[in-house]
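Structural characterization, general
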Amino acid sequence: MQGHPGGKVDRVALVDVNSFYVSCERVFDPSLEGKPVVVLSNNDGCVVARSNEAKALGIDNGDPWFKLAADAKRTGLIHRSSNYELYGDLSSRVMELLGRFSYLIEVYSIDEAFVSLRGTPEDLLKVGREIKAAVAKNIGLPVCVGIAPTKTLAKFVNRVAKQNPALEGVCSWDTLPPDHAETIMSRVPVTGIWGIAGRLGKKLNAMGIFTIADLKAADPVAMRKKFSVLMQRTIMELNGIPCIPLETEIATKQQLIFSRSFSTPVTTASRMHEVMAIYAQQAAIRLAKDHQQAKIMSCFAGTSYFNEKFSSFPSATVNLAAPTADPVLLTKAAVGALEHSIVDGIPYARAGVMLTDLSPAGAAPQLPVFATAHEEKHIGALLGDVMDRFGVSSIGLGRAGMAEAPDWGMKRKAMSPRYTTEWDELPLVKAS
DNA sequence: GGGACATAG
DNA sequence: GATTCTATGTCCC
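Cut-offs and rules
Residues numbered from 1 in each chain as written. Chains lettered and ligands numbered in written order. Predicted model: local features only at pLDDT ≥ 70, side-chain atom pairs only at ≥ 80, totals over all residues. Heavy atoms only, no water. Near = heavy atom within 4 Å. Polar contact = N/O pair within 3.5 Å; in protein donor to acceptor, adjacent residues only side chain to side chain. Helix = DSSP H or I, 4+ residues; strand = E, 2+ residues; numbered from the N terminus. Nonpolar A, V, L, I, M, F, W, Y, C, P; charged D, E, K, R; others polar. Phe/Tyr/Trp six-rings, centres within 6.5 Å; stacked < 30°, edge-to-face > 60°. Lys NZ or Arg CZ within 6 Å of the ring centre and 35° of its normal. Core = buried A, V, L, I, M, F, W, Y, C linked by side-chain atoms within 4.5 Å. Buried < 20%, exposed > 50% of the residue type's maximum accessible area, 1.4 Å probe, protein only. Contact = heavy atoms within 4.5 Å. Pairing = 2+ DSSP bridges. Axes fitted to C-alpha atoms, helices over the stretch in contact; angles between N-to-C directions.

1. Brief notes about the protein's contact with DNA strand C
Taken together, 23 residues surround DNA strand C, and among them Ser-41, Lys-253, Ile-257, Ser-259 and Ser-261 come closest. Expressed as a percentage, the sugar and phosphate content of the atoms of DNA strand C within 4 Å of the protein is 62%. Side-chain polar atom of Ser-41 to a sugar or linking oxygen of DNA strand C: 2.9 Å apart, as the coordinates give it. Interatomic distance of 2.7 Å between a backbone N/O atom of Ser-259 and a phosphate oxygen of DNA strand C. Mapped by element, the contributors of at least two residues to the surface near DNA strand C are α3 (65–75), α11 (229–238) and β9 (256–266). Per element, the largest residue contribution to the surface near DNA strand C is 6 residues, and it comes from β9. When the residues that make up the surface near DNA strand C are grouped by side-chain class, the tally is 9 nonpolar, 9 polar and 5 charged.

2. Description of the protein's contact with DNA strand B
The full set of residues close to DNA strand B is Tyr-108, Ser-109, Asp-111, Glu-112, Lys-155, Ile-193, Trp-194, Gly-195, Ile-196, Ala-197, Arg-199 and Leu-200. When atoms of DNA strand B within 4 Å of the protein are sorted by moiety, sugar and phosphate together comprise 100%. At 3.1 Å from a sugar or linking oxygen of DNA strand B is found a side-chain nitrogen or oxygen belonging to Asp-111. Here Glu-112 contributes a side-chain N or O atom positioned 3.4 Å from a sugar or linking oxygen of DNA strand B. Those elements that provide at least two residues to the surface near DNA strand B are β5 (105–109) and α8 (198–206).

3. Focus: the packing of aromatic side chains
Using the criterion set out here, one finds 11 aromatic pairs in the structure. An aromatic cluster of three or more residues is present, and its members are Phe-20, Tyr-21, Tyr-84 and Tyr-87. When the ring centre of Phe-114 is taken as reference, the NZ or CZ atom of Lys-151 above it lies at 4.8 Å. Its guanidinium or amino end placed over the ring of Phe-258, Arg-260 lies 4.4 Å from that ring's centre, counting from NZ or CZ.

4. Looking at the nonpolar core
In this structure, Leu-98, Val-135, Leu-141 and Val-145 are the most contacted members of the largest nonpolar core, which totals 36 residues. Elements that contribute at least two residues to this core include exactly β1 (9–17), α1 (20–28), β2 (37–40), α4 (84–98), β6 (112–119), α5 (121–139) and β7 (143–148). Aside from chain neighbours lying at most four places away, what touches Leu-98 is Val-15, Ile-105, Ala-113, Val-115, Ile-131 and Val-135.

5. Here we look at the pairing of β6
Within β6, 6 of the 8 residues are buried, which leaves the element mostly enclosed by the surrounding structure. Pairing between β1 and β6: 8 bridges, direction antiparallel. Bridging from a neighbouring strand, Arg-11 pairs with Leu-117 of β6. Across 4 bridges, β5 lies against β6 in antiparallel orientation. By the bridge assignment, Ser-109 is partnered in β6 with Glu-112. Connecting β5 to the next strand, β6, in antiparallel fashion are 2 residues.

6. A few points about the side chain of Ser-41
With respect to the helices and strands, Ser-41 occurs in the loop between β2 and β3 (47–50). Ser-41 sits in the buried class, given a relative accessible area of 15%. With residues near it in sequence (within four places) discarded, Ser-41 still touches Cys-46, Val-48 and Ser-82.

7. Some remarks on the side chain of Gln-292
Within the secondary structure, Gln-292 sits in strand β10 (residues 292–303). What makes Gln-292 buried here is its relative accessible area of 6%.

8. Thoughts on the sheet that holds β3
Pairing between the strands of a sheet is mediated by backbone hydrogen bonds and can be parallel or antiparallel. One open sheet accounts for 3 strands, arranged β3-β2-β4; its pairing is mixed. Of all the strands in the sheet, the pair left with one neighbour each is β3 and β4 (78–81). Each adjacent strand pair in this sheet contributes to an overall mean axis angle of 30°, direction not counted. Two strands pair when backbone bridges link them, and β2 and β3 are joined in this way by 3 bridges, in the antiparallel orientation. Looking across to β3, one finds that Val-38 is bridged to Arg-50.

9. Observations regarding the environment of Val-17
Tracing the backbone shows Val-17 in strand β1. Distance in space between the C-alpha atoms of Val-17 and Ala-277 is 37 Å, their sequence separation being 260 residues. Among residues more than four places away in sequence, those in contact with Val-17 are Ser-23, Asp-111, Leu-141, Pro-142 and Val-143.

10. Observations concerning the sheet that holds β1
Read across the open sheet, the 5 strands follow the order β5-β6-β1-β7-β8; overall the sheet is mixed. Strands with a single pairing partner mark the edges of an open sheet, and in this sheet they are β5 and β8 (170–172). Strand after strand, the sheet turns through a mean of 20° between neighbouring axes, direction not considered. Sheet analysis places β1 next to β7, joined by 6 bridges and oriented antiparallel. Within the sheet, the bridge partner assigned to Val-15 lies in β7 and is Val-145.

Here is the structure:
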């Protein structure tokens with residue numbers, strides 16, 4: 001089926017943008033090239049992306065910005081707030097471009113895709129290089145490409161490409177000398193493999209499995225009994241047996257969460273009422289965009305995990321009378337849910353609204369007795385359209401329609417312009 | 001069915 | 001003084 005010398009083989013390429021958020025910032029601000037740059041999470045809380053130069057300074061993902069800020073002047077570290085409008089738009093452009101190389105692609109995350117390819121190993125290496133060149137030329141982003149018989153091995157050789165400059169960003173399992181592959185596998189800790197993180201790493205170490213090579217040599221059936229079927233699949237995929245299929249269909253969501261930390265704690269039931277109204281409407285907008293409706297809503301709030309004085313995690317679940325995407329109903333439900341469990345004086349650091357038991361909008365037509373006038377008018381989609389065009393504070397129902405931004409709202413003090421999605425923020429090109 | 005746990009990006 | 005957000009899968013009761 002595979003592996004005839006000189007013949008065609010079925011392979012999967014993992015294409016991954018290097019330091020995606022930072023690279024997006026660099027597309028429109030080339031002065032960031034060669035410098036240590038980090039992009040921060042919502043509320044400018046912690047680091048979520050780092051340039052290589054920032055990694056060299058010893059900065060880790062998850063490092064809180066308030067600890068780095070003090071040193072930033074001295075180290076030359078540059079920071080940006082998250083600009084998801086920009087990253088989302090550049091991501092779609094990358095995915096569209098990758099779709100030209102194969103009609104079987106799995107968009108795995110905002111900056112990664114698995115691309116199914118067929119050809120001789122030599123040809124596929126060329127295709128990998130073409131992909132890298134095309135993304136650089138058309139979008140201005142740097143990618144690495146790993147090509148292998150399984151998704152797990154594609155992830156592995158992608159990592160090899162990232163760490164070995166001599167490979168110029170592209171690595172194929174088939175053309176990598178076997179002794180070279182074995183050497184790397186016997187040196188990289190087992191947590192370097194896709195699906196194995198800290199907890200599993202510790203348990204594996206306790207059994208004498210320290211490297212990827214150790215795991216590859218383990219008995220998949222015995223390991224399934226000790227761990228789970230996921231572990232068995234990982235081991236088989238390390239041995240070149242595909243068992244994690246390419247998911248080319250965009251999966252319909254099973255749940256939808258809108259949750260945010262506050263820039264300033266919310267300490268009163270009245271303010272929490274506003275929060276719940278706004279979050280429920282944001283959730284309703286996403287539901288409408290996904291053409292789905294929800295049957296169950298859970299609302300939750302919580303104090304900071306770092307707060308040693310207060311620890312409170314109220315939550316409540318509401319069974320909606322019928323599946324709905326109506327922001328009016330969802331807002332009422334959310335506001336009512338936590339009404340009696342928020343205690344004035346407790347500093348809540350975050351809150352959220354979760355919608356579950358999702359179904360396609362209109363799949364089970366409602367009995368007229370349940371339908372409300374606003375539901376038929378598709379208020380959710382309307383709210384979303386207005387917010388897309390005029391901003392999230394331009395419209396809102398009830399207490400979400402406040403004229404002023406709330407003091408607990410998100411902090412994004414260092415955000416670059418939304419160059420590609422806002423007419424007012426287009427980049428200016430000067431020719432002289 | 002639901003909670004705990006683990007993982008990913 | 002300050003530490004993101006979203007989604008999924010498996011196990012086990």
